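Listed below are the residues making up each chain.
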Amino acid sequence: MSEPTPEQPSSAALTPETVAATTATAPPQAAVNPNVQRQRASQLAQALRLELQKALIGQKAVIDDVLTALIAGGHVLVEGVPGLGKTLLVRALARCFGGEFARIQFTPDLMPSDVTGHAVYDLQSEQFKLRKGPVFTNLLLADEINRAPAKTQAALLEVMQERQVTLEGRALAVPLPFMVLATQNPIEQEGTYPLPEAELDRFMLKLRMDYPAQDEELNMVRQVTRSSRADMLDVTPLRTLLQAKDVQALQKIASDLPLDEQVLDYAVRLARATRSWPGLAIGAGPRASIALARGGRARALLRGGDFVLPDDIKGCALAVLRHRVRLAPELDIEGLSVDQVLQQLLDQVPAPRL
Amino acid sequence: MRLTDASVAIRPRSAWEALDLGVLLARRHAGLLMASWALVTLPIFAVLCLLLWESPGWAVLLFWWLKPAYERLPLYILSHALFGDTPSLKQALRALPGLLNPQLLASLTWRRFSLTRSFDLPTLQLENLSGQARSQRLVVLGQRDAGAATWLTLVGMHLEMALWLGLISLFYLLLPQQIELNWSWQSLIDAAAGDWLWLEHLSNLLYALLLVVWEPVYVACGFTLYLNRRTALEAWDIELVFRQLRQRLTGVAYALLLGCGLLLLQAPSPAWAESASSGPLPMEDPFGPQSERLLKQPLSSQAARQSIEQLLDQPPFEHRETVTRWRFGEEQQTEELDQGTIKNLLKLIEAFFKLGEFWKTLDGVALFFEALLWAAVLGVVGLLLWRYRDWLSTFVGRLGPVQRRTSAPPSQLFGLEVAPDSLPEDVASEVERLWAEQPRAALGLLYRALLSRLLHDYRLPLKSAHTEAEVLQLVQGLEQTELIDFSQALTLHWQNLAYGHRVPPADSLHSLCAGWRRQFDGGAPA
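Values in this document were obtained by computation on a predicted structure and should not be read as measured data.

### A closer look at the overall build of chain A
Within chain A, the regular secondary structure consists of 15 helices and eleven strands. Taking as baseline every contact in chain A between residues at least 6 positions apart, the subset at least 24 positions apart corresponds to 77%.

Okay, structure coming up:
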């Protein structure tokens, strides 16, 4: 697909020293040569991917998608049955990433102010002081997000889109890069509050975690049982590969990747096709087109390419679209899933040529 | 039996009211009725259960079959209680053997399934009728209230079922949670017969218990229905009024009689005037008022009658309505058709024929309109198909069997001409010629030629939705190393050019062209 050298270094050549060197030297060289800078960036991204794969075994596609969202500056909603390592993935990402990490366990009695923060009266100074909530961080894990009622979920709306929180009438910016990783459980619906469309639309990607393949599960069980912590994989041995500013640099580089008109047109056509597709009751909005283009850029960087291919768009289309569309009731009754219908759509929207 | 002693108000009632009265009656004597019933039936049930312990079904069937025999006791109690002579429990039980005697066999065999059982019972038991007399009596009695009696039995059957199921559920609900866990219905069905016999006997017992409550009501309702029918038939209420009248007037009557006698003692003598009658009585006119009279007067009776009849024919006295409706079987009328109507009919038919001939001349017009209508129908169907083509392709397409798409590969793919005819004869030299001025067109031509070859020579199921990488994957499925290498190289260069806007170096072009020649122009079919 792409040239094997030098854009795709083999994993064996990627020693910690080179990674550290690239991390350290990437920003100064950024101004010098965009090509070199891009290569460094994709090396860094791939090192991050390898590191995450050490922690989370057998979910390569999900790891790729999470990194795509990180590079594209979007938020991720991870859905999967319990025990597939949703939270582990996020903790591993936080571990590899030097920025701040906060976690909110969403519970039915969680209040919006528990998320965003609030003003408290200080007896000493006889003044109100703002107490910032856990949302002021780089990486926010919203665990079991659908356990909290809609009003608490709505506390995330502003910060996810504007990357700022309005407290006591003052707009406070959250530190950049800011990324929300929310998890939810698809099977247990009792006592949960489905996410509203507005909230869903703000997630760039919705990922489905499936059970690992047999050999991967075998491998994982072997590692876990060897670990000192009884029943979970350890994330402590992971190395911190990048700092907050590196992530911003990655995002900057990704957004500079050339995107051909044809490919952009393909992304827009995909999103538009969902609106008139007979199997879908509600199609995706313009945010889907934007997310497709940004996701394509991020995947291209992750792949090590110098430009965006239609494959990059197509690769993230399912994750971008599946939570933004609603299935027609007839198909719902027939038992088709959104993924199946979207796959049909992807099979029929012509890919760009010439 | 003295009607004046009856503890209920005797008057004609509707059948349902009579049933209501029966319920009331049963309720008033509930204790006695239920106790006597329980004392009689429960021991029998126990004996039956013990005798037929292995087959609870037969036990309950037998118990159920004997119901007419038990029903005689409540009727005995009720018939005595109605006239204030309520027997004690001991008296009732002592009377039982005597009650069972008459016609027990008939009650338990061919009359067992009679739907009016409780209604018929008093005829047998209280009137002591049998054979012909009984059946005649029943016909007379059953003229009016038999329907209600049948309904009573039917409702009773359902009530028994409902109460029985209710008791079983109640019993099940009373089980503690821990025991209930072990009681899956499956195991109830599958369990070895011995383990669950007692459970079946228990449900039978529940049935026997509910009969204690229901059967007295049933018998009482039948009895009051019977009473009601006899009240209507024999005018008991009127008799009752007369009896009361007699009671009230017994003292006065003698005095009245004496007074009347004294009054009538003075026989009237004939009046003097009687003998001096003025003349012969007028002859009885055989026609009476119908005969014509007043013939010499200006208004004769005939004329007067006519005018009266005319007046009576007019609206205030006469209201006429003409009702026309369809009805079957008008044969008489057709018989009455006289010649004239038949001729008219013939004329009409002839006219119809003529009309038909006239229409034949208009056949062309009819044909035209028919064609027009069919065209409209087809047009509407076509329009609908076109209008809902998306829907059909989505929903109907998936219904049919999956068709193999071995038919002619598309000539246009990805918006490109990929039919072999649209490509130049010698692709490689054409590419080399184009390279100098339009590298994009040259590489595009080469890629297009590759796709065309893949489609037509290798029969790859390419679709327009396939991206380059997916095409490559399909090629790898062919497992031809040279083709794979060539396709990879070409795709890489093509992607670089198309999406990365990077012109590949010239020597790569030569290697690509060489690869093309080696791959396709050499041995593969053109």
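### Side note on the overall build of chain B
When helices and strands are tallied, chain B shows 24 helices and two strands. By residue count, 20% of the 526 residues in chain B fall in the buried class. Of the contacts made within chain B by residues no fewer than 6 positions apart, 72% connect residues no fewer than 24 positions apart.

### Regarding the pairing of strand S3 (residues 117–122) of chain A
Residue and element names in this part refer to chain A. In the sheet, S3 pairs with strand S4 (residues 127–132) via six bridges, with the strands oriented antiparallel. Each residue of the ladder has a partner; that of Asp-122, found in S4, is Gln-127. Here S3 folds back onto S4, and the loop between the two strands holds four residues, one of which, Glu-126, carries a positive phi near 50 degrees.

### Description of the interface of chain B and chain A
Tallying the contact residues gives 19 residues for chain B and 23 residues for chain A. For the side of chain B that touches chain A, the secondary-structure elements that each account for two or more residues are helix H19 (389–395), helix H22 (468–478) and helix H23 (481–498) of chain B.

### Regarding the packing of helix H5 (residues 72–82) of chain B against helix H6 (residues 89–100) of chain B
Residue and element names in this part refer to chain B. Interhelical geometry of H5 versus H6 gives an angle of 120 degrees and a closest axis separation of 9 Å. Between H5 and H6, the crossing angle belongs to the class labelled oblique. Crossing handedness for the pair H5 and H6: right-handed. Residue-level contacts link Arg-72, Leu-73, Tyr-76 and Ile-77 of H5 to Ala-92, Ala-95, Leu-96, Leu-99 and Leu-100 of H6. Among the residues forming the contact of H5 with H6, the class breakdown is eight nonpolar, no polar and one charged.

### Thoughts on the sheet that holds strand S8 (residues 179–184) of chain A
All names here are of chain A. With parallel pairing, the five strands of this open sheet are ordered in space as S2-S5-S8-S1-S9. Two strands lie at the open edges of the sheet, namely strand S2 (101–105) and strand S9 (205–208), each paired on one side alone. In this sheet, neighbouring strand axes are inclined to one another by 15 degrees on average, regardless of whether the strands run parallel or antiparallel.

### Quick notes on helix H13 (residues 236–265) of chain B
All names here are of chain B. Between its terminal C-alpha atoms H13 stretches only 38 Å, short of the 44 Å expected from 30 residues at 1.5 Å a residue. At Thr-250, H13 shows its maximal kink, close to 60 degrees. With zero of 30 residues buried, H13 is to be regarded as a mostly surface element.

### Quick notes on the nonpolar core
Judged by nonpolar contacts, the single largest core of 123 residues is most densely connected at Ile71(A), Val76(A), Leu93(A), Leu292(A), Leu301(A), Val320(A) and Leu446(B). With nine residues, helix H21 (residues 439–456) of chain B is the largest single contributor of residues to this core. Filtering out sequence-adjacent residues up to four positions away, Leu292(A) remains in contact with Ala267(A), Leu270(A), Ala271(A), Ile313(A), Cys316(A), Ala317(A) and Val320(A). By size, the runner-up hydrophobic cluster in this structure holds 31 residues, among which are Tyr76(B), Val217(B), Cys221(B) and Leu227(B).

### Description of unusual backbone geometry
The amide bond that connects Leu176(A) to the next residue, Pro177(A), takes the cis arrangement and shows omega of -5 degrees. In this structure, Pro177(A) sits in the loop between strand S7 (170–173) and S8. Of note in the backbone geometry, Glu168(A) takes a positive phi value of approximately 55 degrees without being a glycine. Structurally, Glu168(A) is set in the loop between strand S6 (164–167) and S7. Residue Gln103(B) is not a glycine yet carries a positive backbone phi of 50 degrees. Judged by C-beta crowding, with 17 C-beta atoms within 10 Å, Gln103(B) ranks as partly exposed.

### Some thoughts on the UniProt feature "transmembrane region" (unreviewed entry) in chain B
UniProt marks residues 151–175, 205–228, 249–267 and 365–386 of chain B with the feature "transmembrane region" (unreviewed entry), using the numbering shown here. Secondary structure content for residues 205–228 of chain B is 100% helix and 0% strand, and the end C-alpha separation is 35 Å.

### Here's the deal with the environment of Trp53(B)
All names here are of chain B. Within the fold, Trp-53 resides in the loop between helix H2 (30–51) and helix H3 (56–65). Taking the C-beta count within 10 Å as the criterion, Trp-53 has 12 such neighbours and is therefore assigned exposed. Taking the C-alpha atoms as reference points, Trp-53 and Trp-198, 145 residues apart in sequence, are found 8.8 Å from one another.

### Some thoughts on the environment of Gln184(A)
Residue and element names in this part refer to chain A. With respect to the helices and strands, Gln-184 occurs in strand S8. Here Gln-184 falls in the buried class, since 21 other C-beta atoms lie within 10 Å of it. Here the alpha-carbon distance between Gln-184 and Ala-142, two residues 42 residues apart in the chain, equals 8.9 Å. Once residues lying within four places of it in the same chain are set aside, the contact partners of Gln-184 are Leu-77, Glu-79, Glu-144, Ile-145 and Asn-146.

### Looking at the confidence of the model for chain A
The predicted model of chain A has a mean per-residue pLDDT of 79, with 88% of residues at 70 or higher. Contacts for the low-pLDDT stretch residues 1–31 of chain A, under 50 throughout, to residues beyond four places or in other chains number 43 contacts.

### Re the packing of helix H12 (residues 286–303) of chain A against helix H13 (residues 310–321) of chain A
Residues and elements named next belong to chain A. Between H12 and H13, the shortest axis-to-axis distance is 8 Å and the interhelical angle comes to 130 degrees. What the angle tells us is that H12 and H13 run oblique. Crossing hand, H12 versus H13: right-handed. On the side of H12, the interface is formed by Ala-288, Ala-291, Leu-292, Gly-295, Gly-296, Arg-299, Ala-300 and Arg-303, while H13 contributes Asp-312, Ile-313, Gly-315, Cys-316, Ala-317, Val-320 and Leu-321. A per-class count over the contact of H12 with H13 returns nine nonpolar, three polar and three charged.

About the thresholds
Residues numbered from 1 in each chain as written. Chains lettered and ligands numbered in written order. Predicted model: local features only at pLDDT ≥ 70, side-chain atom pairs only at ≥ 80, totals over all residues. Helix = DSSP H or I, 4+ residues; strand = E, 2+ residues; numbered from the N terminus. Contact = placed C-beta atoms within 7 Å. Buried ≥ 20, exposed ≤ 12 C-beta atoms within 10 Å, placed from the backbone. Pairing = 2+ DSSP bridges. Axes fitted to C-alpha atoms, helices over the stretch in contact; angles between N-to-C directions. Parallel < 35°, antiparallel > 145°, perpendicular 65-115°, else oblique. Left-handed = near helix turned anticlockwise from the far one by under 90°. Nonpolar A, V, L, I, M, F, W, Y, C, P; charged D, E, K, R; others polar. Expected span 1.5 Å × (residues − 1). Bend = angle between axes of the 7 residues up to and from the residue. Core = buried A, V, L, I, M, F, W, Y, C linked by C-beta atoms within 7 Å. UniProt positions renumbered as here; feature names shortened; annotations may be inferred. pLDDT = per-residue confidence, 0-100.

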